[in-house]
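Here are the chains, one letter per residue:
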Amino acid sequence: MRNYKALLFDLDGTLLDTNELIIESFLHVLGETFPGKYSREHVLPFLGPPLYETFDGIDPTLTETLTASYRKWNLERHDQMVVPFEGGVDTLRQLKQDGYKMAIVSTKRREMIDRGLQLMECATLFDTIVGFEDVTHTKPDPEPIQIALQRIGANKEDALMIGDNFHDIVGGQRAGVDTAAVAWSIKGEAHLATFNPTYMLHQMSDLLDIVKGQHI
């Protein structure tokens with residue numbers, strides 16, 4: 001067990017419950033272009049990767065069109081459909097009060113990250129934000145995590161990456177940091193466990209013990 005000094009958080013599916021918004025956005029956009037082809041189960045794997053990667057895999061000739069349609073539909077419904085996960089904001093405020101350095105490391109564009117943090121009323125709690133525009137390679141490449149560590153002046157041995165997707169866990173491992181998966185991931189606790197995260201969080205407040213080197 002380590003005493004951590006820096007905490008790196010994914011946003012969607014980790015701190016902010018955007019699951020239904022993302023699923024409905026994909027279903028709407030893909031339903032218009034490929035009627036009847038995609039179900040809820042089909043789009044679940046699309047939660048996590050950047051949009052261009054997902055749409056490239058579907059049809060590279062339509063990537064720009066599908067991305068633009070997704071973003072428009074998603075933005076129009078964002079504020080009505082997303083909410084923080086229970087206990088997350090209170091835990092973040094306590095960690096900030098206790099002096100931990102914190103960062104957001106997301107595959108989303110900065111505009112949407114900022115929008116989500118404003119809804120959570122916790123934008124001022126983070127020392128830096130690393131989004132899609134800040135990197136050449138997104139998670140699970142280690143680059144976003146390495147950039148966050150550099151910006152906040154933290155060593156990888158003192159950092160913990162927290163997320164709801166294999167991109168967060170594998171990205172953290174490749175960057176040499178410990179990792180915490182969240183059991184409330186829409187992908188499921190069992191799925192995330194296969195990637196061998198250092199910890200499995202069953203509520204965000206578990207972090208308050210973990211950062212002090214205590215077992216949960």
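None of the values given here were measured: they were computed from a predicted structure.

K.L.:
Before we go on, may I ask you to explain the overall build of the protein chain in this structure?
P.N.:
In terms of helices and strands, the protein chain carries ten helices and eight strands. Relative to the compact-globule value of 17 Å for 216 residues, the protein chain shows a C-alpha radius of gyration of 17 Å, a close match. In terms of overall dimensions, the protein chain has a C-alpha envelope of 50 × 30 × 30 Å along the principal axes. Expressed as a percentage of the 216 residues in the protein chain, the buried residues total 51%. A separation of at least 24 residues holds for 64% of the contacts in the protein chain among residues at least 6 apart in sequence. Carbon and sulfur atoms provide 47% of the accessible area of the protein chain, an area that totals close to 9,900 Å². Side chains of the protein chain give 20 positive and 32 negative charges; the mean places of these two sets differ by 3 Å.

K.L.:
I tried to follow helix 5 (residues 88-97) on my own but got confused; where do I start?
P.N.:
An α-helical turn contains 3.6 residues, so a residue and the one three or four places further along point in the same direction. Looking at helix 5, one finds that the buried residues are G88, V89, T91, L92 and L95. End-on, the buried residues of helix 5 take up no more than an arc of 160°, which puts them together on one face. Away from its buried face by more than 90 degrees, helix 5 exposes D90 and Q97. Looking one or two residues past helix 5, G99 carries a phi angle of roughly 95°, positive in sign.

K.L.:
I keep staring at unusual backbone geometry and nothing clicks. Help me out?
P.N.:
The general pattern is negative phi for most residues beyond glycine and trans for most peptide bonds. Geometrically, the link from K139 to P140 is a cis peptide bond, its omega value of 15° lying close to zero. With respect to the element layout, P140 can be found in the loop between strand 5 (128-130) and helix 7 (143-152). Of note in the backbone geometry, E121 takes a positive phi value of approximately 60° without being a glycine. Within the secondary structure, E121 sits in the loop between helix 6 (110-120) and strand 5. Using a relative accessible area of 62% as the deciding quantity, one classes E121 as exposed. In this structure, N196 takes a positive phi of about 55° despite not being glycine. Relative to the helices and strands, N196 is located in the loop between helix 9 (189-193) and strand 8 (199-201). For N196, a relative accessible area of 59% translates into the label exposed.

K.L.:
Where do I start with the nonpolar core in this structure?
P.N.:
Most often, soluble globular proteins have nonpolar side chains that are buried together. Residues L7, F9 and F126 are the most contacted members of the largest nonpolar core, which totals 31 residues. Among residues more than four places away in sequence, those in contact with L7 are L95, Y100, K101, M102, A103, L160, I162 and V211. Counting residues in each nonpolar core, the second largest holds 16 residues, with V135, I145, I147 and A175 among its members.

K.L.:
Can you help me understand the environment of D56 in this one?
P.N.:
Relative to the helices and strands, D56 resides in helix 3 (residues 51-58). Sequence spacing of D56 and L66 is ten residues, and the spatial spacing of their C-alpha atoms is 9.6 Å.

K.L.:
What am I meant to see in the sheet that holds strand 8 here?
P.N.:
Strands in a sheet are paired, the pairing made by backbone hydrogen bonds, and the direction either parallel or antiparallel. Strand order across the open sheet formed by six strands is 5-4-1-6-7-8, with parallel pairing between neighbours. Edge strands, defined here as strands with exactly one partner in the open sheet, are strand 5 and strand 8. Each strand of the sheet is rotated relative to its neighbour by a mean of 25°, with strand direction disregarded. Bridge count for strand 6 (residues 159-163) against strand 7 (residues 178-182) is four bridges, and the pairing is parallel. Within strand 7, the residue paired with G163 across the bridge is A181. Against the sheet, helix 7 contacts strand 1 (6-9), strand 4 (101-105), strand 5 and strand 6, and its axis sits at roughly 165° relative to strand 5. Of the strands in this sheet, strand 6 and strand 7 are in contact with helix 8 (residues 166-175), which crosses strand 7 at around 175°.

Definitions and cut-offs
- Residues numbered from 1 in each chain as written.
- Predicted model: local features only at pLDDT ≥ 70, side-chain atom pairs only at ≥ 80, totals over all residues.
- Heavy atoms only, no water.
- Helix = DSSP H or I, 4+ residues; strand = E, 2+ residues; numbered from the N terminus.
- Rg over C-alpha atoms; globule rule 2.2 N^0.38 Å.
- Buried < 20%, exposed > 50% of the residue type's maximum accessible area, 1.4 Å probe, protein only.
- Contact = heavy atoms within 4.5 Å.
- Areas by Shrake-Rupley, 256 points an atom, 1.4 Å probe, with all protein chains shown as cover.
- Lys, Arg positive; Asp, Glu negative; His and termini not counted.
- Charge placed at Lys NZ, Arg CZ, Asp CG, Glu CD.
- Arc of directions from axis to C-beta.
- Core = buried A, V, L, I, M, F, W, Y, C linked by side-chain atoms within 4.5 Å.
- Pairing = 2+ DSSP bridges.
- Axes fitted to C-alpha atoms, helices over the stretch in contact; angles between N-to-C directions.

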